Amino acid sequence: MTSREDPLYPSEWLKIARKDWTRASFMLEKKDFEAVGFFLQQSLEKYLKAFLLQQGWKLRKIHELDALLDDALKYNPDLEKFRDLSERISGYYLVDRYPPLTSIEFTSEEIEKDLRETKRLIQALFPEEKLS
């Protein structure tokens, strides 16, 4: 199996994580804040999985950022400071994918703040990562 076909290669997860990060940035320019939140969640999920796979983690089908963060804490306890962020970003995923359970409105300030904080988390996972 080549790396292009094998989901266990962190580099493959990083490629898709970067693509989702770019999509979030593009949606921010379009002021589609729900889409920003969705792609932000998708990007962070894939960055966390790439990090965990580098540590020897066994890939599982999971989308909850807080559960992935729990696993990542075993390798980097300093990531605990991103707990609130991971819970907020997980909520963004649900808002865009399912009929409204609550009336959540995104503001550009909130989304931009979460993008900046997510960037810090990603760089804690991958210090050499360059994000726009």
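Below you will find a few notes about this structure. (Residues numbered from 1 in each chain as written. Predicted model: local features only at pLDDT ≥ 70, side-chain atom pairs only at ≥ 80, totals over all residues. Heavy atoms only, no water.)

With that settled, consider the pattern of salt bridges. Going through the model one piece at a time under the given rule, you end up with 12 salt bridges. A salt bridge links aspartate 114 to arginine 88, with the nearest nitrogen and oxygen atoms 2.8 Å apart. Here aspartate 114, found in helix H5 (residues 108-125), pairs with arginine 88, found in helix H4 (residues 83-97); they are 26 residues apart in sequence, far enough to count as distant. Between arginine 88 and glutamate 117 there is a salt bridge; the shortest N-O distance is 3.2 Å. In this pair, arginine 88 sits in helix H4 while glutamate 117 sits in helix H5, placing the two residues 29 residues apart along the sequence. Under the relative-accessibility criterion, glutamate 117 is labelled buried at 14%. (Salt bridge = Lys/Arg side-chain N within 4 Å of Asp/Glu carboxyl O. Helix = DSSP H or I, 4+ residues; strand = E, 2+ residues; numbered from the N terminus. Buried < 20%, exposed > 50% of the residue type's maximum accessible area, 1.4 Å probe, protein only.)

Scanning all chains against the criterion turns up 4 aromatic pairs. Ring centres of phenylalanine 38 and phenylalanine 39 lie 5.2 Å apart, and the angle between their planes is 75°; this geometry places the pair in the edge-to-face category. For phenylalanine 38, a relative accessible area of 14% puts it in the buried group. On the numbers, 6.4 Å between centres and 90° between planes, the contact of phenylalanine 51 with phenylalanine 126 is edge-to-face. Taken together, the positions of phenylalanine 51 in helix H2 (residues 33-54) and phenylalanine 126 in the segment after H5 put the pair 75 residues apart, joining distant regions of the chain. Looking at phenylalanine 51, the relative accessible area reads 7%, which means it is buried. Residue phenylalanine 126 is classed as buried on the basis of its relative accessible area of 8%. Joined through ring pairs, the aromatic side chains of Tyr47, Phe51, Tyr75 and Phe126 make up one cluster. (Phe/Tyr/Trp six-rings, centres within 6.5 Å; stacked < 30°, edge-to-face > 60°.)

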